[in-house]
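Residue strings, one per chain:
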2 protein chains.
Amino acid sequence: MNGIILLAHGSRDPQWTASFEQVRAAVERRLPECASALAYLEHSVPDFATAVDQLVARGTTLIEVVPLFLGAGGHVRNDVPHLVKRAAVQHTQVRFSMKPFIGDAQAVLDAIADYAAAKPATSK
Amino acid sequence: MNGIILLAHGSRDPQWTASFEQVRAAVERRLPECASALAYLEHSVPDFATAVDQLVARGTTLIEVVPLFLGAGGHVRNDVPHLVKRAAVQHTQVRFSMKPFIGDAQAVLDAIADYAAAKPATSK
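For the structure given in this document, a descriptive report is provided here. A quick note: this is a predicted structure, and the numbers were derived from the prediction, not measured. (Residues numbered from 1 in each chain as written. Chains lettered and ligands numbered in written order. Predicted model: local features only at pLDDT ≥ 70, side-chain atom pairs only at ≥ 80, totals over all residues. Heavy atoms only, no water.)

This brings us to the sheet that holds strand 4 (residues 95–98) of chain B. Residues and elements named next belong to chain B. Strands sit in the order 2-1-3-4 across an open sheet of four strands; the sheet is parallel. Edge positions in the open sheet fall to strand 2 (35–40) and strand 4, since each of these has one partner strand only. Across this sheet, the average inter-strand angle for adjacent strands is 25°, counted without regard to direction. Taken together, the six bridges between strand 1 (residues 2–8) and strand 2 define a ladder with parallel strand orientation. Among the inter-strand pairings, leucine 6 is bridged to a residue of strand 2, identified as leucine 38. (Pairing = 2+ DSSP bridges. Helix = DSSP H or I, 4+ residues; strand = E, 2+ residues; numbered from the N terminus. Axes fitted to C-alpha atoms, helices over the stretch in contact; angles between N-to-C directions.)

What follows is the structure, encoded as structure tokens:
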């Protein structure tokens, strides 16, 4: 089985993850044959290693990692690749791949710009 | 003149802002008659108050704030509304409005899910 891990920053605030859970559900609707999981770098659970373990326990042999970050700083350039490499060393039977962070996806940036440019909300 | 402030988190990493600058340019293409600016809560410049001052100096009388956050934690629920309220007190001649954060926009979440579910990148 193929797997996807949506990897986000995480937050101490339990409400912070709600949008990411919606993205995961939307990915599952698009790829019902694929095992999808969320994982977080900080504070929120599960962390990346735990999400990998859970997908591997479900029989996943190919895991694609999608960094759900809009900006590419040290997390995207260093921390995420490091986690993926470490998981690949620990799970030699699993093939890992990684997509560029979502802030690199033109369609995502366009959707944000469309939203920002849509007619104003009610004044406050 | 109407204005839009795209308000993002900010980062110590100077490369972090690149995607947000792309969003601002895309908003400007969509709304060439509108003054658009980026602003950041932390680390990156300008901060929100400075961006407001700059738009006001350009003659903007209505400013819409779009929080470029995927997750809604304390920043979205508390810090951003607080900054907008403070700016409204300081600039009584300007009308402020605020859109929900982008993680609340279904089209944005769908674009992220489309990207995540698209055919895998090259394995690493």
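This paragraph deals with the packing of helix 1 (residues 18–30) of chain A against helix 4 (residues 106–117) of chain B. In contact at an axis separation of 9 Å, helix 1 of chain A and helix 4 of chain B are set at 50° when each is read in the N-to-C sense. One finds that helix 1 of chain A runs oblique with respect to helix 4 of chain B. Once helix 1 of chain A is placed against helix 4 of chain B, the crossing between them reads as right-handed. Facing A:Ser19, A:Gln22, A:Val23, A:Ala26, A:Val27 and A:Arg30 of helix 1 of chain A, the residues of helix 4 of chain B in contact are B:Gln106, B:Leu109, B:Asp110, B:Ile112, B:Ala113, B:Asp114, B:Ala116 and B:Ala117. (Parallel < 35°, antiparallel > 145°, perpendicular 65-115°, else oblique. Left-handed = near helix turned anticlockwise from the far one by under 90°. Contact = heavy atoms within 4.5 Å.)

Once that is clear, we can look at the packing of aromatic side chains. The tally for this structure, following the rule as stated, stands at four aromatic pairs over all chains. Note on A:Trp16 and A:Phe20: the rings are 4.5 Å apart at their centroids and 25° apart in plane angle, and the pair reads as stacked. Take A:Trp16 and A:Phe20: they sit in the same class, and that class is buried. Ring geometry for A:Trp16 and A:Tyr40: centres 6.3 Å apart, planes at 70°, overall edge-to-face. Of this pair, A:Trp16 sits in the loop between strand 1 (2–8) and helix 1 while A:Tyr40 sits in strand 2 (residues 35–40), and the two are 24 residues apart along the sequence. The exposure class assigned to A:Tyr40 is buried, which follows from its relative accessible area of 3%. Here a set of aromatic residues connected by ring pairs shows up, and it is made of A:Trp16, A:Phe20 and A:Tyr40. The ring of B:Tyr115 carries the charged tip of A:Lys99 above its face, separated from the ring centre by 5.2 Å. (Phe/Tyr/Trp six-rings, centres within 6.5 Å; stacked < 30°, edge-to-face > 60°. Buried < 20%, exposed > 50% of the residue type's maximum accessible area, 1.4 Å probe, protein only. Lys NZ or Arg CZ within 6 Å of the ring centre and 35° of its normal.)

Residue-level contacts link 51 residues of chain B with 51 residues of chain A. Of the roughly 4,300 Å² buried between chain B and chain A on both sides combined, carbon and sulfur atoms contribute 59%. In this assembly, chain B and chain A are joined by six salt bridges. Among the salt bridges present, the one from A:Arg77 reaches B:Asp13, with a minimum N-O distance of 2.7 Å. (Buried area = accessible area lost by both parts, 1.4 Å probe. Salt bridge = Lys/Arg side-chain N within 4 Å of Asp/Glu carboxyl O.)

Here helix 4 (residues 106–117) of chain A contains twelve residues, and its C-alpha end-to-end distance of 16 Å stays within 8% of the 16 Å for a straight helix at 1.5 Å per residue. Where helix 4 of chain A is concerned, the buried positions are A:Val108, A:Leu109, A:Ala111, A:Ile112, A:Ala113, A:Tyr115, A:Ala116 and A:Ala117. Along its buried surface, helix 4 of chain A packs onto strand 1, helix 1 (18–30), strand 3 (62–67) and helix 4 of chain B. (Expected span 1.5 Å × (residues − 1).)

Right, let's talk about the environment of B:Val89 for a bit. Residue and element names in this part refer to chain B. Mapped onto the fold, valine 89 is located in helix 3 (residues 74–90). Judged by relative accessible area, valine 89 falls into the exposed class, the value being 66%. Between the C-alpha atoms of valine 89 and leucine 31, which are 58 residues apart in sequence, the distance is 27 Å.

Judged by nonpolar contacts, the single largest core of 50 residues is most densely connected at A:Leu6, A:Leu68, B:Leu6 and B:Leu68. At the level of secondary structure, the elements contributing two or more residues to this core comprise strand 1, helix 1, strand 2 and helix 4 of chain A together with strand 1, helix 1, strand 2 and helix 4 of chain B. Contacts of B:Leu6, omitting those with residues within four sequence positions, involve A:Ala116, B:Val23, B:Arg24, B:Val27, B:Ala37, B:Leu38, B:Ala39, B:Val66 and B:Leu68. (Core = buried A, V, L, I, M, F, W, Y, C linked by side-chain atoms within 4.5 Å.)

Residues and elements named next belong to chain A. Locating glutamine 93 in the fold gives a position in the loop between helix 3 (74–90) and strand 4 (95–98). Separated by 32 residues in the primary sequence, glutamine 93 and threonine 61 place their C-alpha atoms 6.7 Å from one another. If near-sequence neighbours (up to four positions away) are discounted, glutamine 93 is found in contact with Val56 and Thr61.

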